[in-house]
Amino acid sequence: MKLLTLNFLTCARKTCKSSPAAFPLHPRDAELEQVETEMNPVFLRNILPRLEWEAMRSITTELGLPSLPAETPDPGALLENDGNGDGEDAGSAGPSQIARDLHALLMETCIASGKLVCGNCGHEYAVKEGIANFLLPSHMV
């Protein structure tokens, strides 16, 4: 499961839906792996405004990964200047160091196994072979 995925997950219990503590799910006993993927700066530029930056910062801290900057990077800073100043043509501008670092963190860093824990109810969702099990026992539905 890519770290980017944690930005979109919350506890599946109905009682947690209204609680801000249910997001993000906190990784515990996580075994991480790096899976190389092709760099896509346009995707990063488009996803960046949708990220809950503080949640991503807390997840990286909990996993012991390098800390993210305090502020969300400007989407325009993801492409190095190609000299024409418009920044629109992604084909002629290469990814900046910020883009390469975000790509490595969000797209290539994966949770292979471990648990995702709700901060509200404490329920643990198992992650095995990179897949999280969000099925709840019948008494918790």
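The structure displayed is predicted, hence computed values, not measured ones.

**Section: the overall build of the protein**
Item 1. On a plain count of helices and strands, the protein comes out with three helices and four strands.
Item 2. Along the protein, from the amino end to the carboxyl end, the secondary structure elements read β-α-α-α-β-β-β.
Item 3. Within the span of the protein, comprising 141 residues, buried residues form 37% of the whole.
Item 4. Considering only intrachain contacts with a sequence separation of at least 6, the fraction spanning at least 24 residues in the protein is 65%.
Item 5. Across the protein, the mean location of the 11 positive side-chain charges is 13 Å away from that of the 19 negative side-chain charges.

**Section: helix 3 (residues 97-108)**
Item 1. Look at helix 3: 15 Å from first C-alpha to last across 12 residues, which is about the 16 Å you get at 1.5 Å a residue.
Item 2. Buried within helix 3 are the following residues: Ala99, Leu102, His103, Leu105, Leu106, Met107 and Glu108.
Item 3. Here the buried face of helix 3 lies against strand 1 (26-34), helix 1 (41-47), helix 2 (53-62) and strand 2 (109-117).

**Overview of the sheet that holds strand 4 (residues 131-132)**
Item 1. Across the sheet, which stays open at both edges, the four strands sit in the order 1-2-3-4 with antiparallel pairing between neighbours. With one partner strand each, in any of the chains shown, strand 1 and strand 4 form the two edges of the open sheet.
Item 2. Note: strand 3 (residues 124-128) against strand 4, two bridges, orientation antiparallel. Along strand 4, the bridge assignment pairs Lys128 with Ile131.
Item 3. Packed onto the sheet, helix 3 meets strand 1 and strand 2 and runs at close to 55 degrees relative to strand 2.

**So, the pattern of salt bridges**
Item 1. Under the counting rule described, the total for this entry stands at four salt bridges.
Item 2. The salt bridge involving Glu54 is made with Arg57; its shortest N-O contact spans 3.6 Å. Taken together, the residues Glu54 and Arg57, both in helix 2 and three residues apart, mark about one turn of the helix.
Item 3. Residue classification places Glu54 among the exposed positions, given a relative accessible area of 53%.
Item 4. Overlapping salt bridges, with partners in common, bring together Arg28, Asp29, Lys115 and Glu124 in one network.

**Brief notes about helix 2**
Item 1. Residues of helix 2 that are buried: Trp53, Ala55, Met56, Ile59 and Thr60. Along the axis of helix 2, the buried residues cluster in a sector spanning 160 degrees; they form a single face. Exposed and facing more than 90 degrees away from the buried side of helix 2 are Glu54 and Thr61.
Item 2. A positive phi of about 75 degrees marks Gly64, the residue just after helix 2.

**Topic: the environment of Cys118**
Item 1. Mapped onto the elements of the fold, Cys118 is located in the loop between strand 2 and strand 3.
Item 2. Separated by 54 residues in the primary sequence, Cys118 and Gly64 place their C-alpha atoms 19 Å from one another.
Item 3. When near neighbours in sequence (up to four residues on either side) are disregarded, Cys118 contacts Cys11, Cys16, Ala22, Leu25 and His123.

**Quick word on the nonpolar core**
Item 1. Among the nonpolar cores identified, the biggest contains 32 residues, and Leu6, Leu106 and Leu116 are the most heavily contacted of them.
Item 2. When residues of this core are traced back to their parent elements, those giving at least two are helix 1, helix 2, helix 3, strand 2 and strand 3.
Item 3. Element by element, the count of residues in this core is highest for helix 3, at five residues.

Criteria and thresholds
- Residues numbered from 1 in each chain as written.
- Predicted model: local features only at pLDDT ≥ 70, side-chain atom pairs only at ≥ 80, totals over all residues.
- Heavy atoms only, no water.
- Helix = DSSP H or I, 4+ residues; strand = E, 2+ residues; numbered from the N terminus.
- Buried < 20%, exposed > 50% of the residue type's maximum accessible area, 1.4 Å probe, protein only.
- Contact = heavy atoms within 4.5 Å.
- Lys, Arg positive; Asp, Glu negative; His and termini not counted.
- Charge placed at Lys NZ, Arg CZ, Asp CG, Glu CD.
- Expected span 1.5 Å × (residues − 1).
- Pairing = 2+ DSSP bridges.
- Axes fitted to C-alpha atoms, helices over the stretch in contact; angles between N-to-C directions.
- Salt bridge = Lys/Arg side-chain N within 4 Å of Asp/Glu carboxyl O.
- Arc of directions from axis to C-beta.
- Core = buried A, V, L, I, M, F, W, Y, C linked by side-chain atoms within 4.5 Å.

The quantities given are spatial measurements derived from coordinates; they are silent on function.
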